[in-house]
Structures are given as structure tokens and as C-alpha cells.
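Structural overview
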Amino acid sequence: CLIAKCDFGHLLPVVTVRDTTQPHKKKMAEITETTPLSTAGKRSDGDIQWVRSASDVSRLVNDGSQGRANARIVIGIALGGIFLDAYDLGALAFGIKDITREFNLTPAGTGMVASAITFGAIVGALLGGYLTDKIGRYRVFMADMLFFVVAAIACALAPNEYVLAGARFVMGLGVGIDLPVAMAFLSEFARLKGPGNKASSVAMWCPTWYAAISISYLLVLFFYAVLPESHSDWLWRLILGFGAVPALVIIAIRSRYMSESPVWAANQGNLKEAASILRQSYNINAHVPQDALSQPAPVVNKAKWSNYLNLFRGVYLRRTTLATLLSVVSSFAYNAVAFGLPVIISSFFVQSMLTTILISLVLNLLFAFVGGLLAVRYVPRFGAWRMSLAGYACQLVALLGLGLIGRPEGATEGVLAVAMLALFLFGQGFGPGAHTMTFASLSYPTSLRGVGVGLNQTLMRSSSTLSLFLFPLLVASLDTAVFWVIALAPFIGLASLLAIRWEPSGYDVDAEDYR
């Protein structure tokens, strides 16, 4: 018989399952499973899939031939933290000039406020990467939204630049903790090959990012239109404080639909929980035979701080090197251009606030967002390596073009400069913007994925911090010649890809845990 028992201590109804179609497996018909009532999905149909080891769970997830039920919802929720990260960056991009004026900040003070969130993310990523592998994806995922709620409210009420920078640091802790676990969910709730594969699922972080940036622009446009001129200094406070709203929504949704990663649960030796998740999220009729239950399953590569060192050993050294280089240079270039986009348009191109908002919105929607959607659609066919190579090439051409144009003189040069910005964002969308996380997430198996993404995010955020801190200083000293400096980033990205030809899309990296 099958006895369902709730993790929270109360019993579910007893369900009896007898296997009459497979007489040779009668000894395996006795099954004991654990299924939380609050997260139970629809009834699993089809032939029984017997789970004897963690590799069986990984194989069933990778196959993806059954209905995925709640798995798509889990993937959607996993993008919530990424949405908030992008929203907060985009919101501050418009508010930084008002903050500088209100608090009478020096360029160094402006850099402090702008980069505080990435300082927090550096600490959060290291901690979050370890905790994701140690205590599980679900627990970490359910906790980190509190950072966003508290920090967003504190930002809106900040009386000075120090409180504002401190609140942004706390928000960064949430971002840093969230991304490793979000990438783990995107990787571990998707199939291996075909449409919607792991690489495509991870690449979804890119259009989600640009959607959040665009929404922040729309909110700025809305508040800019409705706020009276006498209260225009409220604009940046309203935009930053609004970040608490989606965080609260995500908390409510997560508590209803989220479940642990079945592959992580199996790797901890908990085959019963893994089989239960497969039934709930994938509609796979998975069960653990009694003889497998009587022998405790081994823990696969137990989580420990020293796993960070394993990223620099064996085959992982080459992958870590490439993933790190791509993330660092992509982050440096993107943060300088995307964060500085409103400043570039309003200052270099001498446009009004309203025109700046509209041009920034159009560029993000038509080029960055569309490029991200193309990445999701075509990465199963072309691979992350080729698409990243093409994206860096577009960015290099765009930045060299902006460096040559300098401050546009006349309508023709102005249109050409905007076209170069569009080319940069399009290349970022379908190239490194989407696939740096593919390299970071799919270069490591489940047992190392948390620390792998955590280390990658730590180094990437270090680059972001440097970029956000230096951009105001570089613009003040170099003016439009700053584009020549930024152009070094895509050049290094191209060189790295040509030197290390590693394609993570379609490769079963999780199988490395079981060899």
C-alpha cells in the first residue's frame, strides 16, 4: 500500500496502489511517500517510473516527455528576484541626478550610492551560493524577498545619502542571495534538450531583466506626468519604494506554488521527496521501491565551503575561467551603458527629461528585450557560445561607433548615435546578456551549481561595482571618450570565447555528479 504522510506532522488519506501490469516487479509495489498537502498538484498518470537513485531523478527531469504541470510556474516564480534586481537598477538610473542634487553629492558620493547595491550583492552571492547547496533551493528562495521589502521602504524614506546607501546595500544582499538559487531553479526544473531546454530556461533571465527595466521607465513616466512640479523631488523616492510591491506579490505566490528542486532533494539522499516533487511538478508517476527505501541513499558531494575550491580543479577550471571572464566584461560594459543611458541621452545628446525617458524605453523594449526573446528562442539551435560571440561583435562595433561620433552634431549624427546604442543593447540581449548566466549555471552539476553561480555573481558584481563607481568619474574626465574605454570589454569577451570553446547548451552536466 501507499501511505502518504505530511512533512508538517499530520497524515493525509491513505492511498493504495497495486501494480498489476508488471508482475515481475511485485516486490517493488510496497511504497512509502511523503507529499505535503498544501503543495500537492494534480494526480500523476501513466506508467510507474521507479526511482532507485539520484541519477534516475535527473534522467526523468532531463527527459521532459511528460506534462510539466507546476514546473513552468516554478520557473516563472524563479525569475522574480531577477525582475527586482533589474527594476531597482533601472529605477535608480533615472533618480540618481535628483538624488545628487537633493543631497548635494560629489562624484564620489554619487558612486557610493549607485554602487551600494552591488557591494551588498557581492556578500550575498557568496553566502547565497553556499546556502543554496547546503540547505536547499526552497528555503533560501522563500526567505530572501524580505530583504527587498525592508530595503525598498527604507530607500523611500531615506533622510540622507548614508541611509540610502545602507538600504541599497541591504537590497543588494537580497539580490546576491536570490540569483544563485533562481538560476538553480531555472536549470533544475527544465528539460535537457529541445524547445524550453535548460539553456533556454536560464536565458529567460535576460528578457525578464529588460521587462523590469522597461516597467521602471513606465513608472517613471507615469509619476513624472502626475506629480506636480512642486513635488518633483518625490519621484525617485516613489520609484524606489515601489519595489516593495512586487516583492510582496512574489512572497505570496512563492508560498503557494514553490517546491524543492527534485534533483537537489535526491542528491541529499531524500528519494521520497524527489519522487513526490516529480509527481506534483511534472505529472510523472514516480515512486521509490521498498527495497530502495530500506537502504539509505548516499549524499552526492555534500555541500561545504571548500566546494568553492573545486570550481578551480579538473574540467571546472576551464569552464570557471570562461564563465568568469564573460560575466565580468559583460557586466562592466552593460552597467556603464545601461545605467548611464538616461545620463548619456540627456547630457551628451542634450534632450529633455521626457524625451530621455521615451528614448530609453523604446531602446530597451525594441532592442534589448527583443534580443533577449531571440536568445531564448534560438539558443537550443545555435548554442550559447555562438550567440555570445555574435553579441560581443555587435557591442564592439556599437561602442567604437559611439566613440567616433562623440557628441552628435546635427540630426544625422544624433540618429546614428542612437542606432549605435540600439545595436549595443540588441547585442547584449541575444548575446552575453542572456548567456553569461548560461555559462555560469550549466557549467556545473547540481552539487556545485549554487557555489558556481555564487562565485560568478560575486566576481560579476565586483565588476558592476567598479563600473557603477567609475562611470560618473570617467564621464566627468573623459566625456564621450569614455566609450573607447568601455569598448575594451566586448573585445576581451570575444578573445575569451575564441580561446576557450565550451558549449554548455544541450550538455548533461548533472550526470557528472554520478560518475
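Residues numbered from 1 in each chain as written. Predicted model: local features only at pLDDT ≥ 70, side-chain atom pairs only at ≥ 80, totals over all residues. Heavy atoms only, no water.

Here's the deal with the overall build of the chain
In terms of helices and strands, the chain carries 23 helices and 5 strands. Counting across all 515 residues of the chain, residues that qualify as buried make up 60%. Considering only contacts in the chain between residues 6 or more positions apart, those separated by 24 or more positions represent 84%. Total accessible area computed for the chain in this model is approximately 20000 Å², and 66% of it derives from carbon and sulfur atoms. (Helix = DSSP H or I, 4+ residues; strand = E, 2+ residues; numbered from the N terminus. Buried < 20%, exposed > 50% of the residue type's maximum accessible area, 1.4 Å probe, protein only. Contact = heavy atoms within 4.5 Å. Areas by Shrake-Rupley, 256 points an atom, 1.4 Å probe, with all protein chains shown as cover.)

Side note on the pattern of salt bridges
Two side chains bearing opposite charge may form a pair once their charged atoms approach each other closely. Taken as a whole, this structure holds 9 salt bridges when the rule is applied. Between glutamate 102 and arginine 237 there is a salt bridge; the shortest N-O distance is 2.9 Å. A residue pair is termed long-range when its members are at least 10 positions apart, and glutamate 102 in helix α3 (residues 80-102) and arginine 237 in helix α10 (residues 235-241) qualify at 135 residues. In this structure arginine 237 comes out as buried when scored by relative accessible area, which is 17%. Within this structure, Asp133, Arg137, Glu188, Lys198, Arg449 and Asp510 form a network of salt bridges that share partners. (Salt bridge = Lys/Arg side-chain N within 4 Å of Asp/Glu carboxyl O.)

Let's talk about the environment of valine 482
If you trace the backbone, valine 482 turns up in helix α22 (residues 482-486). Sequence separation between valine 482 and glycine 406 is 76 residues; the distance between their C-alpha atoms is 9.5 Å.

A word on the confidence of the model for the chain
In the predicted model, the chain carries a mean pLDDT of 81, and the fraction of residues at 70 or more is 84%. Segment residues 1-43: pLDDT under 50, and 85 contacts once partners within four positions in sequence are set aside and those in other chains are kept. (pLDDT = per-residue confidence, 0-100.)

Side note on the side chain of threonine 320
Note on placement: threonine 320 falls in helix α16 (residues 315-348). A relative accessible area of 2% places threonine 320 in the buried class. Within the local environment of threonine 320, its side chain forms a polar contact with the backbone oxygen of tyrosine 316, the two atoms lying 2.7 Å apart. Of note is the side chain of threonine 320, whose polar atom sits 2.7 Å from the side chain of tyrosine 444. Excluding residues that lie within four positions of it along the chain, threonine 320 makes contacts with Leu311, Phe312, Tyr444 and Leu455. (Polar contact = N/O pair within 3.5 Å; in protein donor to acceptor, adjacent residues only side chain to side chain.)

Describing the packing of aromatic side chains
All told, the structure shown has 13 aromatic pairs when counted by the stated rule. On the basis of an interplanar angle of 35 degrees and a centroid distance of 4.9 Å, the ring pair of phenylalanine 141 and phenylalanine 185 is categorised as tilted. Note that phenylalanine 141 is positioned in helix α5 (residues 137-143) and phenylalanine 185 in helix α7 (residues 161-188), a separation of 44 residues in sequence. Aromatic side chains tyrosine 316 and tyrosine 444 sit 6.0 Å apart centroid to centroid with 45 degrees between the ring planes, which places their arrangement in the tilted category. Placement of tyrosine 316 in helix α16 and of tyrosine 444 in the loop between α20 (432-442) and α21 (446-478) is noted, with a sequence separation of 128 residues between them. Neither residue differs from the other here; tyrosine 316 and tyrosine 444 are each classed as buried. Every member of this aromatic cluster is reached through a ring pair, and the members are Tyr130, Trp305 and Tyr308. In this structure, arginine 377 is placed above the aromatic ring of tyrosine 378, and the distance from its NZ or CZ to the ring centre is 5.3 Å. (Phe/Tyr/Trp six-rings, centres within 6.5 Å; stacked < 30°, edge-to-face > 60°. Lys NZ or Arg CZ within 6 Å of the ring centre and 35° of its normal.)

Observations regarding the nonpolar core
Judged by nonpolar contacts, the single largest core of 132 residues is most densely connected at Ile82, Leu164, Met183, Leu278 and Phe439. No other element matches the 11 residues that α7 contributes to this core. Beyond its immediate stretch of four places on either side in the chain, phenylalanine 439 contacts Leu322, Ala323, Leu326, Ala384, Trp385, Ser388, Leu497, Trp502 and Pro504. Counting residues in each nonpolar core, the second largest holds 8 residues, with Tyr130, Tyr308, Tyr444 and Leu455 among its members. (Core = buried A, V, L, I, M, F, W, Y, C linked by side-chain atoms within 4.5 Å.)

Some words on a nonpolar patch on the surface
Together, Ile73, Phe242, Val245, Val249, Ile253 and Tyr257 make up a nonpolar patch on the protein surface, roughly 440 Å² of accessible area in all. On the basis of relative accessible area, isoleucine 73 is assigned to the partly exposed category, the value being 32%. (Patch = residues over 30% accessible without salt bridge, like charges linked within 9 Å, V, L, I, M, F, W, Y side chains within 5 Å.)

Description of α20
Across the 11 residues of α20, 11 count as buried, placing the element largely inside the fold. Every buried residue of α20 is accounted for by Pro432, Gly433, Ala434, His435, Thr436, Met437, Thr438, Phe439, Ala440, Ser441 and Leu442.

Thoughts on unusual backbone geometry
Backbone geometry places asparagine 104, a non-glycine residue, at a positive phi of 55 degrees. Along the polypeptide, asparagine 104 turns up in the loop between α3 and α4 (107-134). The class of asparagine 104 is exposed, set by a relative accessible area of 66%.

Observations regarding helix α23 (residues 488-499)
Taking 1.5 Å as the rise per residue, α23 with 12 residues should run 16 Å; its terminal C-alpha atoms sit 17 Å apart, in good agreement. Within α23, burial applies to Ala489, Pro490, Gly493, Leu494, Ser496 and Leu497. One face of α23 carries all of its buried residues, which in axial projection span an arc of 165 degrees. The outward face of α23, more than 90 degrees from its buried face, is lined by the exposed residues Leu488 and Ala499. (Expected span 1.5 Å × (residues − 1). Arc of directions from axis to C-beta.)

Notes on the packing of helix α6 (residues 145-156) against α7
The description of two packed helices rests on the angle between their axes and on the distance between the axes. The interhelical angle for the contact between α6 and α7, taken along N-to-C directions, is 160 degrees, at an axis separation of 8 Å. Here α7 runs roughly antiparallel to α6, going by the angle between their axes. Regarding α6 and α7, the two cross each other, and that crossing is left-handed. In this structure, α6 contributes Met145, Phe147, Phe148, Ala151, Ala152, Ala154 and Cys155 to the contact, and α7 contributes Leu164, Ala167, Arg168, Val170, Met171, Leu173, Gly174, Val175, Ile177 and Asp178. Considered class by class, the residues forming the contact of α6 with α7 number 14 nonpolar, 1 polar and 2 charged. (Axes fitted to C-alpha atoms, helices over the stretch in contact; angles between N-to-C directions. Parallel < 35°, antiparallel > 145°, perpendicular 65-115°, else oblique. Left-handed = near helix turned anticlockwise from the far one by under 90°. Nonpolar A, V, L, I, M, F, W, Y, C, P; charged D, E, K, R; others polar.)

Description of the packing of α4 against α7
Following both chains from N to C, one finds α4 and α7 inclined at 35 degrees, their axes separated by 6 Å at the closest point. Note that α4 runs across α7; the crossing there is right-handed. A class-by-class count of the residues in the contact of α4 with α7 yields 19 nonpolar, 7 polar and 2 charged.

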